[in-house]
Amino acid sequence: MSVAHELAERSGYGADFEIHVFEKRPLQVGGKARSINVPHSAKDGRDPLPGEHGFRFFPGFYRHLPDTMARIPSHDGSVLENLVVADRLEVARMGAPPIVISARFPKTLSDLVTDFEAMFSDTGLHHGEVSFFAERLWQVLTSCQDRRLAQYEGITWWEFLDADNHSEAYRNLLVNGLSRSLLANDPVHASVRTVGDTNIQLLLGMVAPGHPTDRLLDGPTSKVWIDPWRTHLEGMGVRFHMDCAALQFGIADGKCSGVDVVTGQTHSTVTADAYVFALPVERMASVLDHSQKRPDNPLAADPQLQGIMAVRDNVAWMNGMQFFLYADVPITHGHLLFADTPWALTGISEAQFWSDEHLPNCGDGTVRGVLSACISDWDKAGILFGKKAKHCSRQEIAAEVWAQIQASVNVDGKTLLSDDNVHSHFLDPDLVQHPDGTVHLTDAEPLFVNFIDSWALRPTAVLATRNLLLASDYVQTYTDVACMEAANEAARRAVNGLLDLFGSDADPCELWPLHEPLIFAPFRHHDQSRFDQGLPWNGHLL
Ligand SMILES: Cc1cc2nc3c(=O)[nH]c(=O)nc-3n(C[C@H](O)[C@H](O)[C@H](O)COP(=O)(O)OP(=O)(O)OC[C@H]3O[C@@H](n4cnc5c(N)ncnc54)[C@H](O)[C@@H]3O)c2cc1C
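Source: prediction; values computed, not measured.

Conventions and cut-offs
- Residues numbered from 1 in each chain as written.
- Predicted model: local features only at pLDDT ≥ 70, side-chain atom pairs only at ≥ 80, totals over all residues.
- Heavy atoms only, no water.
- Axes fitted to C-alpha atoms, helices over the stretch in contact; angles between N-to-C directions.
- Helix = DSSP H or I, 4+ residues; strand = E, 2+ residues; numbered from the N terminus.
- Parallel < 35°, antiparallel > 145°, perpendicular 65-115°, else oblique.
- Left-handed = near helix turned anticlockwise from the far one by under 90°.
- Contact = heavy atoms within 4.5 Å.
- Salt bridge = Lys/Arg side-chain N within 4 Å of Asp/Glu carboxyl O.
- Buried < 20%, exposed > 50% of the residue type's maximum accessible area, 1.4 Å probe, protein only.
- Polar contact = N/O pair within 3.5 Å; in protein donor to acceptor, adjacent residues only side chain to side chain.
- Domains from an automatic or database assignment.
- Buried area = accessible area lost by both parts, 1.4 Å probe.
- Near = heavy atom within 4 Å.
- Areas by Shrake-Rupley, 256 points an atom, 1.4 Å probe, with all protein chains shown as cover.
- Expected span 1.5 Å × (residues − 1).
- Bend = angle between axes of the 7 residues up to and from the residue.
- Pairing = 2+ DSSP bridges.
- Core = buried A, V, L, I, M, F, W, Y, C linked by side-chain atoms within 4.5 Å.
- Nonpolar A, V, L, I, M, F, W, Y, C, P; charged D, E, K, R; others polar.

## Regarding the packing of helix 4 (residues 129-141) against helix 7 (residues 168-180)
For step 1, the next point in the chain: In contact at an axis separation of 11 Å, helix 4 and helix 7 are set at 20 degrees when each is read in the N-to-C sense. For the element pair helix 4 / helix 7, the angle class is roughly parallel. Of the two elements, helix 4 crosses helix 7, and the hand of that crossing is right-handed. For the pair helix 4 and helix 7, the contacting residues are Glu129, Val130, Phe132 and Phe133 in the first and Tyr170, Leu174 and Leu178 in the second.

## Topic: the pattern of salt bridges
For step 1, the next point in the chain: Taken as a whole and judged by the stated rule, the model has 28 salt bridges.
For step 2, the next point in the chain: Between Asp260 and Arg294 there is a salt bridge whose closest N-O contact spans 3.4 Å. With Asp260 in strand 12 (residues 255-263) and Arg294 in the loop between helix 10 (281-291) and helix 11 (298-301), this pair connects stretches of sequence that are 34 residues apart.
For step 3, the next point in the chain: Put simply, Arg294 and Asp296 hold a salt bridge, and the shortest N to O gap is 2.9 Å.
For step 4, the next point in the chain: For Asp296, a relative accessible area of 22% translates into the label partly exposed.

## With respect to the environment of Asp340
For step 1, the next point in the chain: Relative to the helices and strands, Asp340 is located in the loop between strand 17 (334-338) and strand 18 (345-349).
For step 2, the next point in the chain: As for Asp340 and Ser408, which are separated by 68 residues in sequence, their C-alpha atoms are 8.5 Å apart.
For step 3, the next point in the chain: Excluding its chain neighbours within four sequence positions, the residues that come into contact with Asp340 are Ala92, Arg93, Met94 and Asn172.
For step 4, the next point in the chain: Here Met94 takes part through its backbone nitrogen, which lies 3.0 Å from a polar atom of the side chain of Asp340.

## Some points on the domain arrangement of the protein chain
For step 1, the next point in the chain: Along its sequence, the protein chain is organised into domain 1 (1-26 + 242-310 + 455-511), domain 2 (38-102 + 213-221 + 318-445) and domain 3 (106-207 + 523-532).
For step 2, the next point in the chain: Placing a centre on the C-alpha atoms of domain 1 and another on those of domain 2 gives a separation of 32 Å.
For step 3, the next point in the chain: Contacts between the two partners involve 15 residues from domain 1 and, on the opposite side, 16 residues from domain 2.
For step 4, the next point in the chain: Sorting the residues of domain 1 by area buried against domain 2 places His5, Met484 and Glu485 first, and these three jointly supply 44% of that buried surface.

## Overview of the site of the ligand
For step 1, the next point in the chain: The environment of the ligand is formed by 28 residues, the closest being Glu23, Lys32, Phe57, Tyr62 and Asp473.
For step 2, the next point in the chain: Taking Glu23, its side chain carries an N or O atom lying 2.5 Å from an oxygen atom of the ligand.
For step 3, the next point in the chain: Between the ligand and the protein, one listed contact pairs an oxygen atom with a side-chain N or O atom of Tyr62 at 2.5 Å.
For step 4, the next point in the chain: Contact with the protein chains hides 93% of the accessible area of the ligand, taken as 990 Å² for the molecule alone.
For step 5, the next point in the chain: Put simply, the parts of the chain that give the shell around the ligand at least two residues each are strand 11 (245-252) and helix 14 (484-501).
For step 6, the next point in the chain: Residue assignment places the shell around the ligand across two domains, with domain 1 (1-26 + 242-310 + 455-511) and domain 2 (38-102 + 213-221 + 318-445) each supplying three or more.

## Digging into helix 9 (residues 221-235)
For step 1, the next point in the chain: The first and last C-alpha atoms of helix 9 sit 20 Å apart over 15 residues, in line with the 21 Å expected at 1.5 Å per residue.
For step 2, the next point in the chain: For helix 9, the principal kink sits at Asp227 and spans about 25 degrees; a proline, Pro228, occurs within the next four residues.
For step 3, the next point in the chain: Within the sequence span of helix 9, burial applies to Thr221, Ser222, Val224, Trp225, Ile226, Pro228, Trp229, His232 and Leu233.
For step 4, the next point in the chain: Just downstream of helix 9 lies Gly237, where phi reads positive at about 95 degrees.

## Observations concerning unusual backbone geometry
For step 1, the next point in the chain: Positive phi values are uncommon outside glycine, yet Asp412 reaches one of about 55 degrees.
For step 2, the next point in the chain: Its relative accessible area of 59% is what places Asp412 among the exposed residues.
For step 3, the next point in the chain: In this model, Asp453 sits at a positive phi of 60 degrees, which is unusual for a non-glycine residue.
For step 4, the next point in the chain: Topologically, Asp453 is positioned in the loop between strand 23 (447-448) and strand 24 (468-470).
For step 5, the next point in the chain: Since its relative accessible area comes to 45%, Asp453 is described here as partly exposed.

## Re the sheet that holds strand 12
For step 1, the next point in the chain: Spatially, 3 strands are ordered 11-12-13 in an open sheet, and the strand pairing comes out antiparallel. Bordering the open sheet on either side are strand 11 and strand 13 (266-270), each of which pairs with just one other strand. Pairs of neighbouring strands in the sheet enclose a mean axial angle of 20 degrees, with direction left out of account.
For step 2, the next point in the chain: Here strand 11 runs beside strand 12; their pairing, made up of 7 bridges, is antiparallel. Considered in strand 12, the bridge of Gln248 is made with Asp260.

## Notes on the pairing of strand 9 (residues 214-217)
For step 1, the next point in the chain: Residue alternation in strand 9 divides its side chains into two sets, Asp214 and Leu216 and Arg215 and Leu217, and both sets are buried.
For step 2, the next point in the chain: Examined bridge by bridge, strand 6 (residues 83-86) and strand 9 share 4 bridges and lie antiparallel to one another. If you follow Leu83 over to strand 9, its bridge partner there is Leu217.

## A word on the pairing of strand 17
For step 1, the next point in the chain: With respect to burial, strand 17 is a largely interior element, 5 of its 5 residues being buried.
For step 2, the next point in the chain: Pairing between strand 7 (residues 88-93) and strand 17: 5 bridges, direction parallel. Pairing of Ala92 across the sheet is with Phe338, part of strand 17.
For step 3, the next point in the chain: Hairpin remark: strand 17 followed by strand 18, antiparallel, with 6 residues in the connecting loop; positive phi at Ala344, about 50 degrees.

## As for the nonpolar core
A general feature of soluble globular proteins is that nonpolar side chains tend to end up buried together.
For step 1, the next point in the chain: Membership of the largest hydrophobic core comes to 89 residues, with the highest contact counts inside it found for Phe58, Trp225, Phe249 and Ile308.
For step 2, the next point in the chain: When residues in this core are grouped by element, the largest group, 8 residues, is from helix 14.
For step 3, the next point in the chain: For this core, the domains that each give at least three residues are domain 1 (1-26 + 242-310 + 455-511) and domain 2 (38-102 + 213-221 + 318-445).
For step 4, the next point in the chain: Apart from residues lying up to four places away in sequence, Ile308 is in contact with Val281, Met284, Ala285, Leu288, Leu457, Pro459, Leu470 and Tyr474.
For step 5, the next point in the chain: Of all hydrophobic cores here, the second largest spans 35 residues; its members include Leu141, Trp158, Ala190 and Val449.

## Looking at the side chain of Asp527
For step 1, the next point in the chain: Inspection of the secondary structure assignment puts Asp527 in helix 15 (residues 521-532).
For step 2, the next point in the chain: With a relative accessible area of 1%, Asp527 lands in the buried category.
For step 3, the next point in the chain: Side-chain polar atoms of Asp527 contact the side chain of Arg147, separated by 2.9 Å.
For step 4, the next point in the chain: Other than its neighbours up to four places away in sequence, Asp527 contacts Thr142, Ser143, Cys144, Arg147 and Trp537.

## Notes on the packing of helix 10 against helix 12 (residues 303-311)
For step 1, the next point in the chain: Where helix 10 contacts helix 12, the two axes come as close as 9 Å, and the packing angle between them is 120 degrees. Here helix 12 runs oblique to helix 10, going by the angle between their axes. Crossing angle aside, the handedness with which helix 10 passes helix 12 is left-handed. Between helix 10, through Val281, Met284, Ala285, Leu288 and Asp289, and helix 12, the contact on the second element is made entirely by Leu305, Ile308, Met309 and Val311.
For step 2, the next point in the chain: Split by residue class, the contact of helix 10 with helix 12 holds 8 nonpolar, no polar and 1 charged.

What follows is the structure in structure tokens.
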């Protein structure tokens, strides 16, 4: 949709574009960001209850996606105005009071240590663990880009933080918690470059004056963003073909010659001047699997496509579930990190951010609160059934998630979340239970994770086959973490490739590198000169 949008706006500047979007799903556009109607929940003419694949967070450091959102009309303004600021991030703990992340700009390593020590006092962390963690973060902050790519890309965040040799609290709070909290970075596999850079962006967002860390939509995602977007695109002439899945394609004379698609049982070939694949990595790999059996095998023509095959398994499960409540329980004005829950839960109490028109007009009209959670660790035993999430039935998952959240929120003798306040719940339908009804779940839409050493394998948006482009979250971007911002940035890069290909005079889409504060520039500059001489990072200016 980002490609369609940016390209449609550039039609007529020396090149006209006729744009068609092909989506595998029968009804809903928006990919993993879409809202999911809770089946059979609509009563008396109201809308269905709004489920979701996972709640949506728009960190302050995003620039590309908000820039596009500002050009999607909604009521009198744009959908960007539907983003609201959440001003807190609460680290909830099972059986202990929560930690609320503070906001102060660290100018030195000792500032950073002091801030973290204040935040994480009385948490079971051993002496020196906070300063060790702060030093590691400081190292990334003051390292030059070349070192991050050449060295930190090949080290996992887990290893860099020496997680195996520290306390359980250190692993839960500082290693797992902070990296999984808002963007799904699995620290065991993800690189220091990705997690370090992302944490820095989140941290800077938290502490930069007047700059929000955390923003979210003021209503269900599809209603306040995706649906108005589709309407706007259709108004610009973009045509959507739903229930139409790409299967395979071939290359002839150095160009993509057509894409075979299927709608229901009907197979056909779509031919166009150019093709942009905006598929998740594992789906693109499956298209390539089919394509490479053809005599006009595209993988033979383009080594970057072979890279996609090499990273196709770099995915992790992250799935959402919602608890619909009779009475709203805001908990905190922002995201919740249930730091020591075995299933690495995160959450947000959404109704406080939504405008009043939504919930009373959904379901049977009695829901007033939505607690939306994401499950990020599917391989640890839970507290109710002692089973891994992926070995639970859908009902067991619901009971287990509720129990882990209650254990984290109902502390100090208070009961914030009671069983009798739950109207109903909804678990991501992407989790498909084995037909025998038991233990085998599969996740139909996993999330790409920047495993170590994946950068060089990941393709750029513009490929050697020039009329074939990529626009997904796994593509090489400045953003460099699988999220909506990266997908949007990749789309802009693809559109710029198309403008070149067709000789358009339109202005290219803007791209923004990640912002790194000037205050650390001398450190990075110094480290650059050490790196150029083959010397290790030393964190000093001299
Ligand atoms: C639980 C969860 C929570 C998340 N929360 C956030 C968040 O808060 N903030 C954030 O920035 N990011 C978040 N993300 C990440 C974000 O959702 C993804 O990075 C982003 O959606 C990627 O966009 P995409 O267009 O590359 O792929 P997708 O969103 O996966 O879209 C791909 C589209 O292609 C379609 N498709 C698949 N195969 C075919 C085919 N063969 N033919 C035609 N169509 C096909 C799919 O149906 C889908 O519509 C979250 C992810 C998860 C899993």
